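Residue-level structural notes
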Amino acid sequence: QFDPSTLTTFADAAAGHEGVLSDPTGAVVVKPCTEAEVAFYEKANTSHPEFARFMPAFMGTLKLGAPSIPQSNSDIVPSSADGASGSALPPPQIEGLKALGHLPRTHAPSTSIPPDDASAAGLDMNDPGPLKGRHLDTELHIVLENVASGFKQPNILDLKLGAQLWDEGAKPEKRARLDKVAGETTSGSLGFRVAGMRVWQGHNKVDPPKQTGGKELFTLDSNTNVLTYNKFYGRTFTAENVIEAFKSYLSVPSAGISKEISLSLTQNFLSEIQEIQQILESQESRMYSASILLVYEGDPVAWKEATEADARYEDEDVEDDDEDEDSGKKAFAVKLIDFAHARFEDGIGVDENMLKGVRSTVKILQELEREIPS
Ligand code: ADP
Ligand code: MN
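One structure accompanies this document, and this report is about it. Predicted model only: the values in this text are computed from it and were never measured.

Lining the immediate surroundings of ligand 1 are 19 residues, of which Ala14, His17, Lys31, Glu145 and Asp158 lie closest. For ligand 1, an oxygen atom lies 2.8 Å from a polar atom in the backbone of Ala14. Here a nitrogen atom of ligand 1 sits 2.9 Å away from a polar atom, N or O, in the main chain of Val147. In the complex, the protein chains occlude 95% of the 540 Å² of accessible area that ligand 1 would expose alone.

Written as structure tokens, this is what we have:
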């Protein structure tokens with residue numbers, strides 16, 4: 001039912017390490033993870049349902065693509081003419097997936113794995129590739145709902161939370177390195193920074209924005225017209241001007257995102273994040289380097305359809321509702337992600353480190369809400 005050989009590189013990652021995969025339907029992401037992250041998803045789902053509502057649905061774990069399995073390069077190159085390579089991946093150990101049994105049906109295992117994606121699955125011995133630089137050289141993967149699915153043009157913003165970005169288990173070198181970045185960015189001043197961003201620029205060709213200074217901050221894909229902002233982009237802002245990043249995210253005239261849409265989305269995001277704030281204020285937890293993942297429909301036509309479908313859905317009487325079901329189209333989504341260093345623990349009090357970033361985000365969205373109409 002779920003065939004790991006059909007997994008390919010996830011195209012809608014806004015930040016973070018490489019190595020995130022997706023299935024052919026795009027309904028799920030499969031991400032290298034730690035045991036701690038799996039444990040956190042399990043704990044949240046069993047004991048903290050109000051918080052779990054803001055997490056991607058957890059569908060199970062997979063073991064795949066251990067970099068040590070292929071012995072030579074010839075073992076990993078798809079051998080048959082059509083590139084069919086269902087056997088290129090080691091037999092997966094699937095935990096929880098069958099039991100849950102609600103993964104979408106995938107295509108037959110004849111789907112090819114382009115070399116890039118074979119590498120993304122950790123199969124290329126010569127190129128340590130996506131697993132390079134990861135502290136977790138792991139074959140353990142978590143299977144999650146893809147928060148960006150259901151969107152025609154998902155515009156994505158990853159806000160990395162916390163002024164302290166390391167947990168108690170981190171070595172002094174790592175603490176120092178992360179503290180230095182925090183001190184030089186809005187992580188330190190506001191408790192969050194823009195970790196990455198993807199914004200569709202519309203149907204017509206646009207020129208990439210001018211880049212000043214030495215480092216490349218963004219790239220425009222000329223095929224998709226998606227402008228991807230990398231991790232250095234978010235590091236250029238201060239507490240005083242970080243609102244400009246939110247404007248680049250929410251105001252996209254070339255795509256036809258009007259002020260009306262920007263304002264509506266700002267208000268949608270605001271109320272979701274205020275709810276997250278309330279939940280965090282009422283629970284005892286620690287999350288270091290978790291993110292708020294914001295997604296909205298960047299195609300104005302699809303945004304309108306999704307918004308109208310939502311309004312109809314909410315008007316419907318739940319009882320006699322056969323025709324107007326949830327359309328599956330989404331106007332926006334807000335989730336918390338990245339729980340490699342997260343835990344619930346009685347007696348530790350609320351997570352002020354994370355809350356600082358959440359409250360700052362609320363403030364900036366409120367400022368934006370006031371500014372947009374003018
Ligand atoms: P890390 O930062 O440790 O590499 P993350 O969990 O932050 O791992 O994932 C990296 C990126 O992948 C995120 O910035 C986000 O864009 C994307 N991503 C992760 N999980 C999901 C998900 N469930 N749905 C959609 N996108 C996701
Ligand atoms: Mn991350």
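Quick look at the pairing of strand S9 (residues 218-221) now. Bridge analysis of S9 against strand S10 (residues 226-229) gives four bridges, and the strand direction is antiparallel. By the bridge assignment, Leu220 is partnered in S10 with Leu227. Taken together, S9 and the strand that follows it, S10, pair antiparallel across an intervening segment of four residues, in which Asn225 is found at a positive phi of about 65 degrees.

A separate point is helix H11 (residues 352-371). If you check H11, its first and last C-alpha atoms are 28 Å apart, about what 20 residues at 1.5 Å a residue would give, namely 28 Å. Three or more residues of H11 are buried, namely Asn353, Met354, Leu355, Gly357, Val358, Ser360, Thr361, Val362, Ile364, Leu365 and Leu368.

Reading across from one edge, S9-S10-S8-S7-S12-S13 is the order of the six strands in this open sheet, with antiparallel pairing throughout. Both edges of this open sheet fall to S9 and strand S13 (332-337), since each of them pairs with a single strand only. Taking the axes of each pair of neighbouring strands and ignoring which way they run, one obtains an average angle of 15 degrees across the sheet. For strand S12 (residues 291-297) and S13, the ladder comprises six bridges, and the chain directions are antiparallel. Note that in S13 the partner of Ser291 across the bridge is Ile337. Sitting on the sheet, helix H9 (residues 259-281) is in contact with S12 and S13, with an inclination near 30 degrees to S13.

Reading the values: the criteria
Residues numbered from 1 in each chain as written. Chains lettered and ligands numbered in written order. Predicted model: local features only at pLDDT ≥ 70, side-chain atom pairs only at ≥ 80, totals over all residues. Heavy atoms only, no water. Near = heavy atom within 4 Å. Polar contact = N/O pair within 3.5 Å; in protein donor to acceptor, adjacent residues only side chain to side chain. Areas by Shrake-Rupley, 256 points an atom, 1.4 Å probe, with all protein chains shown as cover. Pairing = 2+ DSSP bridges. Helix = DSSP H or I, 4+ residues; strand = E, 2+ residues; numbered from the N terminus. Expected span 1.5 Å × (residues − 1). Buried < 20%, exposed > 50% of the residue type's maximum accessible area, 1.4 Å probe, protein only. Axes fitted to C-alpha atoms, helices over the stretch in contact; angles between N-to-C directions. Contact = heavy atoms within 4.5 Å.

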